[in-house]
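Letter by letter, the chains look like this.
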Amino acid sequence: MRHFSSFLFFLLLFPVLGQAQECALSISGTVMDEGTGIPMSYGTVYVEEMKNGVASDSLGNFRLTGLCKGAYHLRFNHIGCETKTLFLSLTRDTVIRINMHHHSELVDEVMVHEHHSQHETAASSTINQDAISEVANKDLSEMLEQMTGVSSIKSGAGISKPVVHGLSGNRVAILNNGIAQSGQQWGNDHAPEIDPYVAEHISVVKGAGALAYPGGSLGGVVLIEPDEIENDPHLHGNVNYIFQTNGLGHTLNARLQKYDKWAAWRVSATAKVIGDRSAPSYLLTNTGKREYNVAAQLEKQLNPHWEMKLYYSLFNTEIGILRGSHIGNLTDLQEAIEREVPFFTEDEFSYTINEPRQAVQHHLLKLESRHVFNEHQSLAVTYGGQVNNRKEFDVRRSDRSDLPALSLLQWDQYLESVYKHFFEHGRQLKTGVQLRMTDNTNDPETGILPLIPDHRSYRLGAFAIYQQEKDRLLYELGARYDLTHFQVVTISSSIPREIERFYHTFNNYSLSGGVRYRVLPQLKLNLNVGHVLRSPEVNEMYSAGLHQGVSGIEEGNRQLRSEQATKAVLSADVQLRQKLFLQLLGYFQYVNNFIYLQPEDEFRLTIRGAFPLFTYQQTNATLAGLDALVSYEPIESIRLVAKYSFLRGDDISNGQPLVYMPSNNLSGSVSYAFKDGEKLKNTAVSVNGRYVFKQTHLNADQDLAPVPEGYFLLGASIGTTFKLKNTKLRLSVAGENLLNSRYRDYMNRQRYFADDLGWNVSTRLNFEF
Amino acid sequence: MKYTKNILWALPLFTVLLFTACEKDDPEIPNEEELITTLIYTLTPDGGGTPIEFRFTDLDGDGGNDPVITTGTLAANTSYTGVITLLNETESPADVISDEVAEEADEHQFFFQVSGANVTVAYADADGNGNPIGIESTVSAGDASTGTLTITLRHEPNKSGDGVAAGDITNAGGETDIEVTFQVVIQ
């Protein structure tokens, strides 16, 4: 939809007839909502070269006159929208149509924009580029935590995975640039290999049945979307540097882009070096991190009907894992839980990363061809190739620490073809076919039997989504089919070691429907219901071995069947003038055959002692929750925001709570924006607080240690932008956990061993030209 | 247009290719050279006689079959010289892992915890810093009794911790490489 409208925009860029004299040229046009096509009144159009602008009228029309021949940079603003820039080489009177990407909430540097995408019935939340680069020293998942209903499951300071409405891992698809992220996504201690700097938007679709994306997303879909390169022949760029006090970390990113005659291009490079982090009262030894990423994007409009895009990214990371969290058996774990300060804690800060550590490399190559036949039909064919190399190093005897204890190489090939047809009267059909092949191989260099076996998977998916918009009503119906075939090659756990082959085939379907109804101009209701089937993954069927982090032996279950989930999401958005915005979202999900790890009564005796045994089992589960957001501006420069997330997960067959469900949490912020001055713009201060409740919906015997208490974290930030000619320099300072509170979070697996992070101040410089 | 048609044709072809693609190769079975399958605690009576052997064997590692544990009977009021041998019996001939432990003596220590039986175990060896290792030990059996003996091997313990050199595991820390428990009978 979005690309299609951009294309329309290109078509309309063709100048209209008319002879013009010098400096009597005009640019006129209409500002429209990208999703609905409804004209947007009272937006502003600013011409940088003239330092002047006009506003669009009540019908979204605007007209700039008295322009000379030459190059112009135009900037379009509308309340609740992202700023859009456009380059124009003006030779005669020109008519343009501008499509604005709409957010229901106002743009603010460190605010997250909770919004309903205007052209879908599923609820989603988005963070934009400004907000991303403000906190880009953090992991992707930590950024998403700012959204209601989204949290993280962590393994210490450097490893986090997103949890959407209580579900994570295999149940949340992460799409990087439209390609489902491959890699070892099954592991709770395997963070997604994505550099947030490449994204223009990061969105989370919370509804079930985001059917256009590869199957099995019971929880939600995380979208990392780079922007199209702006049509501007001048070289533009951005350098962003962040220094953080906790871990004495440096994060540097540089981005360059240009719309050259031969093609439009953009490159981005990131380096991150962080040392040992600290908890309020001690250092967290060996929790440093290194990250080096590059990405390149190339776009070429071959003719008015055909566009090609090429994208490549390399993600490279090395992450230290708290030395004191590396344990040998259950006795060690009990001892670690009782210790005040983790074992192996050093007094000296260091950037060195020792064992245990992870080293991961991820390549993504994407080639997209988009063909627009006419203003109704378009076809996009996309290829995505990924290579993921993950090595995990443990503390081992006799210099074997240099040998990885886990070494996996994964290849992933993806081919997709999507056809869109726009009919009359706001009806549209989107349909597609997707093929995916994944090959996963263990490197025997480890000298250890692999935790998950070598395997290949073949997936075929097809979907169709029909949408119609009429007056104040938008409805959507969709269906999807997925065929999954696994080839698994195992090494037996008994002696003599034997190689066995197993095959599994799953046929899954998904259905979804949604309605959006604008009851009043101030009130919008969304209902989305989806029924999704997810086939079990190889780790759930074939895991075999010791999971050291949790001191348990995990065993897969080859009899697992597909999970069947039904989720309903109902949300209401209330917007009262520009002062009050309220969003309430309630959801309920029922999962039949929910796959989970069941602790068995027996202990497995090994030479390292007795270990609890966990097996993958299926049960019926429910997840119900509420996300609330309210934003209020009593006067123009002051804004109050409050957010609340509530979730309850239950295993209804066994009559007990589900484990590892995020705690309920409440957060709030107050911000004050100063009036823009001559030189200083966008100056604002804010104070924020976050209270995470204790997870009380859990039985005492469901965890090895007592559940951590609730905690409160205080933060604050200040920032301003200096404008110098055509460049901008932004300086901002943000503090986290300013009270240096000692706390442990239920969702962080490091909580058995150490306190969470102490206070941190990040200073950020951003230079844009 | 022609181009797109070609792609459309390629799609089913690609599908067929994908689903009939050749089988995944056999994995190479890793050489588990670090694995400890066997612990043997050999007790030789000081006055001579047949050595007694405590043996814990788990040939297939963490999973698979249960380990096999054999114990011996100690004579009352007798002293023994104890030697621990660690083996990897998946190799042929078996790898002697206790040699690796001896090479990294300062990073390893065995601990002997007795419960119920009238037995005391004392260290009879030392690393380069004069701290005990526990590969060699002396065992004194008292009056007839029964109980258990737990042998623990810690990697990277804090050897200077309180009581650690005397064999108290409480402040040792580090991580456990071995923890096996034997029934002990003194007659």
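Since this is a predicted model, take the numbers as computed values, not measurements. (Residues numbered from 1 in each chain as written. Chains lettered and ligands numbered in written order. Predicted model: local features only at pLDDT ≥ 70, side-chain atom pairs only at ≥ 80, totals over all residues.)

### A look at the overall build of chain B
Consideration 1: In terms of helices and strands, chain B carries two helices and eleven strands.
Consideration 2: Listed by position from the N terminus, the elements making up chain B come as α-β-β-β-β-β-β-α-β-β-β-β-β.
Consideration 3: Per-residue burial over chain B gives 33% buried out of 187 residues.
Consideration 4: Residue pairs in contact within chain B that sit at least 24 positions apart in sequence constitute 60% of those at least 6 positions apart. (Helix = DSSP H or I, 4+ residues; strand = E, 2+ residues; numbered from the N terminus. Buried ≥ 20, exposed ≤ 12 C-beta atoms within 10 Å, placed from the backbone. Contact = placed C-beta atoms within 7 Å.)

### Regarding the environment of His425 of chain A
Consideration 1: Tracing the backbone through its elements, the reader meets His425 of chain A in the loop between β26 (406-422) and β27 (427-442).
Consideration 2: A C-alpha to C-alpha distance of 47 Å links His425 of chain A and Glu540 of chain A, two positions 115 residues apart in sequence.

### Things to note about the interface of chain B and chain A
Consideration 1: Every contact between the two is made by 43 residues of chain B and, on the other side, 49 residues of chain A.
Consideration 2: When residues of the side of chain B that touches chain A are traced back to their parent elements, those giving at least two are α1 (2-20), α2 (97-103) and β11 (175-186) of chain B.
Consideration 3: Residue composition of the side of chain B that touches chain A, by class: 15 nonpolar, ten polar and 18 charged. (Nonpolar A, V, L, I, M, F, W, Y, C, P; charged D, E, K, R; others polar.)

### A word on helix α4 (residues 330-338) of chain A
Consideration 1: Within the span of α4 of chain A, buried status applies to Leu330, Asp332, Leu333 and Ala336 of chain A. Each buried residue of α4 of chain A sits inside an arc of 155 degrees when the element is viewed along its axis, so together they form one side.
Consideration 2: Check the buried side of α4 of chain A and you find it contacts β36 (609-632) of chain A together with β11 of chain B. (Arc of directions from axis to C-beta.)

### Comments concerning the sheet that holds strand β6 (residues 84-90) of chain A
Residues and elements named next belong to chain A.
Consideration 1: Pairing is antiparallel in the open sheet, where four strands are placed in the order β3-β2-β5-β6. Whereas interior strands pair on both sides, the edge strands pair on one side only; in this sheet they are β3 (52-55) and β6. Here the average twist between neighbouring strands, direction ignored, is 25 degrees.
Consideration 2: Sheet topology places strand β2 (residues 44-47) next to strand β5 (residues 70-77); four bridges connect them, and they run antiparallel. Within the sheet, the bridge partner assigned to Tyr46 lies in β5 and is Arg75. (Pairing = 2+ DSSP bridges. Axes fitted to C-alpha atoms, helices over the stretch in contact; angles between N-to-C directions.)

### Things to note about the pairing of strand β42 (residues 727-736) of chain A
Consideration 1: The pairing of strand β41 (residues 711-724) of chain A with β42 of chain A spans nine bridges and is antiparallel. Each residue of the ladder has a partner; that of Ser717 of chain A, found in β42 of chain A, is Ala734 of chain A.

### Some words on the sheet that holds β11 of chain B
Residue and element names in this part refer to chain B.
Consideration 1: Strand order in this open sheet of four strands is β4-β11-β10-β7, and the pairing throughout is mixed. The open sheet has two edge strands, β4 (73-74) and β7 (108-115), and neither has a second partner.
Consideration 2: Alignment of β4 against β11, held across two bridges, turns out to be parallel. If you follow Leu74 over to β11, its bridge partner there is Ile186.

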